[in-house]
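# Secondary and tertiary structure notes
Each chain, letter by letter, is given below.
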Amino acid sequence: GKSGYDHYMLKEIHEQPTALRQGLSGRLDELSGTVTVEELDDVGTPETVHFVACGTSYHAALYGVELFREAGIPAQAFLASEYATGPAPIPESGLVVGVTQSGETADTLSALREAQGRGAETLALTNVVGSTAARECDHALYIRSGPEIGVAATKTFSSQLTALNLLAETLTNGGVKSRDLVAGLRDVPGDIQQVLDQTNAEEIVDKYLSHESFFFIGRGQNFPVALEGALKFKEITYEHAEGFAAGELKHGPLALVTQNTPVFAIVTGDDERARKTIGNVKEVEARDAPVIAVTDGKSDVERYADHVLMIPETHPRTAPMLANVQLQLVAYHMANRLGRAIDKPRNLAKSVTVE
Ligand code: F6R
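So, here is what we can say about the structure in this document. Just so we're clear, the structure is a prediction, and the values are computed from it rather than from any experiment. (Residues numbered from 1 in each chain as written. Predicted model: local features only at pLDDT ≥ 70, side-chain atom pairs only at ≥ 80, totals over all residues. Heavy atoms only, no water.)

### Describing the side chain of serine 213
- In this fold, serine 213 is placed in strand E8 (residues 213-218).
- Only 2.5 Å separates the side chain of serine 213 from the side chain of histidine 240, close enough to count as a polar contact.
- The contacts of serine 213, once residues within four sequence positions are left out, are His240, Asn260, Thr261 and Pro262. (Helix = DSSP H or I, 4+ residues; strand = E, 2+ residues; numbered from the N terminus. Polar contact = N/O pair within 3.5 Å; in protein donor to acceptor, adjacent residues only side chain to side chain. Contact = heavy atoms within 4.5 Å.)

Structure below.
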């Protein structure tokens, strides 16, 4: 049942600390700063990595790309529906990772089969033991999120991001900063709990109930979070929402920005990317768009924002995971206020088993 929550989606958002603890259990060694994943014992360091996935899982894949690139391994994410049908650039000695919560998404299965047909090694990153993807791939890494009933993926996305960190750390033998990352991962469940306890997402969406178009911007690993924030939002609120790489705004989308288009800007850390994104925030502010900053407070983005959704300070790789939880809550509360069918949005199915 829904354990007292109005919707499975809200229940599953609140289950994230538990889901992530399950996903990390026995896989982190804090003392040595290493990650051990039994399922990956017989997977070597790949020369290249291709991710194939759909929807929310594709956003997780985009996040995963950077983890491998940071370790010097060329990586790319592909939409499974494109990979399966076009002249796919399958690497000869590479690893193809299917990111699929259900393990049953037809497009992702086709892409994986295509890769196998060309001799690639395949790995399923999935929630479901015994799923088709898990059975057909050479390897499976389980995200251990527990069953997800809501059509809109929430806890499984967070679990995928966690598992992608484990995958990258294991296959690339860790980076120099592994100990910090292990500590960051260890703290994520508690940090998410803090977001859940302290969020002001509901008060913020109340101010924008009559708006019909919403934008989400981010850079680096906050770019997939922007895409995911927009997908979740459109999926359950039925309002128009789009996610952009912050730097792309001025190449077209800025034409749509007015006082009627709230912009959610995800800015974590205080590096060059954060500073550049703040530059983009100033651009939308100059067009009178309401700005909602999702931030850890390390930069001064708050100065340019109408509202702030705070997240705890954490490792650069785990910050996007916390920002995403705030955006899940934004989508949920907006949809709830608008009286939408949150757990079963129109035209959508939990598992898409047709191409
Ligand atoms: C959106 C959502 C979908 C799925 C997509 C892939 O909330 O849930 O976009 O992420 O259909 O599903 P899996 O991960 O089962 O392959």
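### Considerations on the sheet that holds strand E6 (residues 121-126)
- What the five strands build is an open sheet, ordered E4-E3-E5-E6-E7; its pairing is parallel. This sheet does not close on itself; its edge strands, each paired only once, are strand E4 (75-79) and strand E7 (139-142). With strand direction ignored, the average angle separating the axes of adjacent strands in the sheet is 20 degrees.
- Two strands pair when backbone bridges link them, and strand E5 (residues 95-99) and E6 are joined in this way by five bridges, in the parallel orientation. Following the sheet pairing, valine 97 is matched in E6 by leucine 123. (Pairing = 2+ DSSP bridges. Axes fitted to C-alpha atoms, helices over the stretch in contact; angles between N-to-C directions.)

### Some details on the nonpolar core
- Counting residues in each nonpolar core, the largest one holds 76 residues, and the members touching the most others are Phe51, Phe68, Val97, Leu123, Leu125, Leu167 and Phe216.
- With 12 residues, the top contributor of residues to this core is helix H12 (residues 319-337).
- Not counting residues within four places of it along the chain, the set of residues in contact with phenylalanine 216 comprises Ala226, Gly229, Ala230, Phe233, Ala241, Glu242, Gly243, Phe244, Phe264 and Leu327.
- By size, the runner-up hydrophobic cluster in this structure holds 21 residues, among which are Phe244, Ile278, Val284 and Ala289. (Core = buried A, V, L, I, M, F, W, Y, C linked by side-chain atoms within 4.5 Å. Buried < 20%, exposed > 50% of the residue type's maximum accessible area, 1.4 Å probe, protein only.)

### Section: the packing of aromatic side chains
- On inspection of all chains with the given rule, the structure shows six aromatic pairs.
- Ring centres of phenylalanine 215 and phenylalanine 244 lie 5.6 Å apart, and the angle between their planes is 45 degrees; on these two criteria the pair is classed as tilted. In this pair, phenylalanine 215 sits in strand E8 while phenylalanine 244 sits in strand E9 (residues 240-245), placing the two residues 29 residues apart along the sequence.
- Residue class for phenylalanine 215 comes out buried when judged on its relative accessible area of 1%.
- Judged by its relative accessible area of 11%, phenylalanine 244 is buried.
- A cation sits over an aromatic face here: arginine 346 above tyrosine 238, 3.8 Å from the ring centre. (Phe/Tyr/Trp six-rings, centres within 6.5 Å; stacked < 30°, edge-to-face > 60°. Lys NZ or Arg CZ within 6 Å of the ring centre and 35° of its normal.)

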